[in-house]
Amino acid sequence: MDFKEQLNNLASQCHDNTIIITPNQRLKTYLLNEIEATFYDSAWTTPKLLSLSEWLTETYQSYIFQKETNPLLLSQIQAHYILQQITSTEADSFISNIQTITDKLFSAWEYLKLWNIPIDEIKQYTQEDYQWFIRVAAQFEKHLTQHKYITPAQLPDFLLKNLAWMKQITTNQLLFFGFDEITPQISRLCEKIKLNHVNIEFITFNTPAKQIKAHAFINKEEEIEQMTNWAYEHYRQGKKRIACIIPELLTHRKTIFNAFAKKFYQNHFFTTQQLKAPFSITGGEPLSDFPLIRTVLAVLKCAQYRIDFSTINYMILSPYIGEATNEHNERSLFAEKIREHVFLEVSLKQVISLLNNDNSCPNLLQQLQIIQSFNINQFLSINSWIMKISSLLKKLQW
């Protein structure tokens, strides 16, 4: 069954009070666009499409969040921030990549929730990293409970423990479309919803490949090179719809782009003509990779008590901090002096003290004193934060 047939089949199953649930926002948007393009000359009601996270959030807010006793639902960013603060407290002083460690801890904790794996089950592993994860996860869950918070990963379990909301369901049918797998957490929730006479179906769309091969490579670079060659050969044969699925795309984005550009532009290196790229890499570069934005983030991090050396070093050498051009050499030398006095972490107060004694970069000293006076530990509205950060950047001669 091709995609058009699958789309018609999906449309035929939709009726009033039907919700189509997709695994992510991207598939939801794509599916909605395809439905509108397919049935543009027909008069029919557009079905309600929601990503899984949207459906869970809407369900929680519609039926549960009507009582003040219910916990406050955090966003992914808010939950991640709380875990990062706990990780920073629990981590040894020599650990500098707190952000990376927090990302892995958060993913592991969410995985346990999605697959209904109690943390007690991993207590049997005596390795230090397992035990450290258990301690941090316990602190995290304790913090959530004390402050009456709930994270998106906990929503299905919370809904299962509070079944009164199911009596208010007006939906007659839920269609889960495009899921490769359904986690035990969601399966249990669906089984409970079915008891309230709601029809639930799981629709998969897949065209079995005629040929599947697995290749082993020495390293990631060789794998990317071979993937690029494969895509280029198919492109030369006139096959324009080629997809390469790459785990950790953002991590390897530059390497992938360079490999594809080198292969696809190999006959156009010395032309001045503007070329249209025959390939597209989904997902742009993270804003934090752009020097200007990275400098802003470094400035805000410097307002914290302790910062890693790489952050302060990047900010000192940034061309976006006032009078950087006039003090370029002096700031480079000062960055080297800091390296001699600190290990992995340093406070802004220490840097200013060293700079006072050094007396080689008066303009940098003035900029750091401005940053030091910036109070980041405040509860403000988004608009107030925008105005406050804008004011800070103007003082730094942006």
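Residues numbered from 1 in each chain as written. Predicted model: local features only at pLDDT ≥ 70, side-chain atom pairs only at ≥ 80, totals over all residues. Heavy atoms only, no water.

Engineer: For this particular structure, what's the right way to read the overall build of the protein?
Structural biologist: Counting its secondary structure elements, the protein contains 16 helices and eight strands. The long-range share in the protein, meaning contacts at least 24 apart out of those at least 6 apart in sequence, stands at 67%. (Helix = DSSP H or I, 4+ residues; strand = E, 2+ residues; numbered from the N terminus. Contact = heavy atoms within 4.5 Å.)

Engineer: Help me understand a nonpolar patch on the surface in this model?
Structural biologist: Residues Leu287, Phe290, Leu292, Ile293, Leu297, Tyr320 and Trp398 make up a contiguous nonpolar surface patch of about 610 Å² in total accessible area. Tracing the backbone shows Trp398 in the segment after α16 (382-395). Residue classification places Trp398 among the partly exposed positions, given a relative accessible area of 35%. (Patch = residues over 30% accessible without salt bridge, like charges linked within 9 Å, V, L, I, M, F, W, Y side chains within 5 Å. Areas by Shrake-Rupley, 256 points an atom, 1.4 Å probe, with all protein chains shown as cover. Salt bridge = Lys/Arg side-chain N within 4 Å of Asp/Glu carboxyl O. Buried < 20%, exposed > 50% of the residue type's maximum accessible area, 1.4 Å probe, protein only.)

Engineer: For this particular structure, what's the right way to read the packing of aromatic side chains?
Structural biologist: Given two aromatic rings, one states the distance between the centres and the angle between the planes to describe the pair. Applying the stated criterion across every chain, the model contains 16 aromatic pairs. With a centroid separation of 5.7 Å and an interplanar angle of 70°, the aromatic rings of Tyr60 and Phe158 are classed as edge-to-face. Placement of the pair is Tyr60 in helix α3 (residues 52-64) and Phe158 in helix α7 (residues 155-161), with a sequence separation of 98 residues. The burial state of Tyr60 is the same as that of Phe158; both residues are buried. (Phe/Tyr/Trp six-rings, centres within 6.5 Å; stacked < 30°, edge-to-face > 60°.)

Engineer: Looking at this model, I keep getting lost on the pairing of strand β6 (residues 199-203). Mind explaining?
Structural biologist: Note on strand geometry: in a regular strand, side chains alternate between the two faces of the sheet. Pairing between strand β5 (residues 173-177) and β6: five bridges, direction parallel. Along β6, the bridge assignment pairs Leu175 with Glu201. At this point the chain moves from β5, through helix α8 (residues 184-194), to the parallel β6, and the crossover so formed is right-handed. (Pairing = 2+ DSSP bridges. Right-handed = clockwise from strand over helix to strand, strands pointing away.)

Engineer: Can you help me understand the nonpolar core in this one?
Structural biologist: Ranked by size, the top nonpolar core spans 29 residues in total, and within it Ile312, Met315, Phe334, Leu364, Leu368 and Ile371 carry the most contacts. Within the residue set of this core, elements represented by two or more residues are α11 (291-302), α12 (309-317), α13 (328-341), α14 (348-358), α15 (362-372) and α16. Membership of the second largest hydrophobic core comes to 24 residues, among which are Trp55, Ile150, Phe179 and Ile186. (Core = buried A, V, L, I, M, F, W, Y, C linked by side-chain atoms within 4.5 Å.)

Engineer: Would you mind showing me how to read the sheet that holds strand β1 (residues 18-22) here?
Structural biologist: Through backbone hydrogen bonds, the strands of a sheet pair up, either in parallel or in antiparallel fashion. Spatial strand order, β2-β1-β5-β6: four strands in an open sheet with parallel pairing. Of all strands in the sheet, those bounded by a partner on one side alone are β2 (48-51) and β6. The sheet shows a mean angle of 20° between the axes of neighbouring strands, direction not considered. With four bridges connecting them, β1 and β2 associate as parallel partners. In the strand pairing of β2, Ile19 is matched with Lys48. On top of the sheet, helix α2 (residues 25-38) reaches β1, β2 and β5; it is set at about 160° to β2, its chief contact. Lying on the sheet, α8 is in contact with β5 and β6; it crosses β6 at an angle near 145°. (Axes fitted to C-alpha atoms, helices over the stretch in contact; angles between N-to-C directions.)

Engineer: Honestly, the side chain of Gln173 in this entry has me stumped. Any pointers?
Structural biologist: With respect to the secondary-structure elements, Gln173 resides in strand β5. Of the polar contacts made by the side chain of Gln173, one reaches the side chain of Asn199; its length is 2.8 Å. When neighbours within four sequence positions are excluded, Gln173 is seen to be in contact with Gln13, His15, Asn17, Thr18, Ile19, Val198, Asn199 and Glu201. (Polar contact = N/O pair within 3.5 Å; in protein donor to acceptor, adjacent residues only side chain to side chain.)

Engineer: What exactly am I supposed to notice about the packing of helix α9 (residues 220-236) against helix α10 (residues 253-264) here?
Structural biologist: Any two packed helices are characterised by how steeply their axes cross, that is the angle between the axes, and by the distance between the axes. Where α9 meets α10, the closest approach of the two axes is 10 Å, and the angle between their N-to-C directions is 40°. The angle between α9 and α10 falls in the class oblique. The hand of the α9/α10 crossing is right-handed. Counted together, Ile224, Met227, Thr228, Asn229, Ala231, Tyr232 and Tyr235 of α9 and Thr255, Ile256, Ala259, Phe260, Lys263 and Phe264 of α10 form the full contact between these two elements. Here the contact of α9 with α10 is composed, by residue class, of nine nonpolar, three polar and one charged. (Parallel < 35°, antiparallel > 145°, perpendicular 65-115°, else oblique. Left-handed = near helix turned anticlockwise from the far one by under 90°. Nonpolar A, V, L, I, M, F, W, Y, C, P; charged D, E, K, R; others polar.)

Engineer: Can you walk me through the environment of Phe202 in this structure?
Structural biologist: Structurally, Phe202 can be placed in strand β6. Spatially, the C-alpha atom of Phe202 lies 6.0 Å from that of Leu175, the residues being 27 residues apart in sequence. Once you skip the residues sitting within four places of it in the chain, Phe202 turns out to touch Phe176, Ile182 and Cys190.

Engineer: Even after reading the chapter, I still don't get α10, so can you show me in this structure?
Structural biologist: Because the α-helix completes a turn every 3.6 residues, residues three or four places apart line up on one side. With twelve residues, α10 should cover 16 Å at 1.5 Å per step; its first-to-last C-alpha distance of 16 Å lies within 8% of that length. All buried positions along α10 are accounted for by Arg253, Ile256, Phe260, Ala261 and Phe264. On an axial view of α10, the arc spanned by its buried residues comes to 125°, and they lie on one face. Pointing more than 90 degrees away from the buried face of α10 are the exposed residues Lys254 and Lys262. Structurally, α10 contributes buried residues whose contacts are with α9. (Expected span 1.5 Å × (residues − 1). Arc of directions from axis to C-beta.)

Engineer: Would you mind showing me how to read the packing of α12 against α13 here?
Structural biologist: It is the contact of α12 with α13, at a shortest axis distance of 9 Å, that shows an interaxial angle of 165°. Taken together, α12 and α13 sit at an angle that is classed as roughly antiparallel. The handedness of the crossing between α12 and α13 is right-handed. Of the residues in α13, those in contact with Phe309, Asn313, Ile316 and Leu317 of α12 are Arg331, Ser332, Phe334, Ala335, Ile338 and Arg339.

Engineer: What should I look at first to understand the pattern of salt bridges in this one?
Structural biologist: Using the criterion set out here, one finds nine salt bridges in the structure. A salt bridge links Asp157 to Arg188; the nearest nitrogen and oxygen atoms lie 3.8 Å apart. A residue pair is termed long-range when its members are at least 10 positions apart, and Asp157 in helix α7 and Arg188 in helix α8 qualify at 31 residues. On the basis of relative accessibility, which here comes to 18%, the residue Asp157 falls in the buried class. According to the relative accessible area criterion, Arg188 is partly exposed, its value standing at 43%. Between Lys194 and Glu191 there is a salt bridge, with the nearest N and O atoms lying 3.6 Å from each other.

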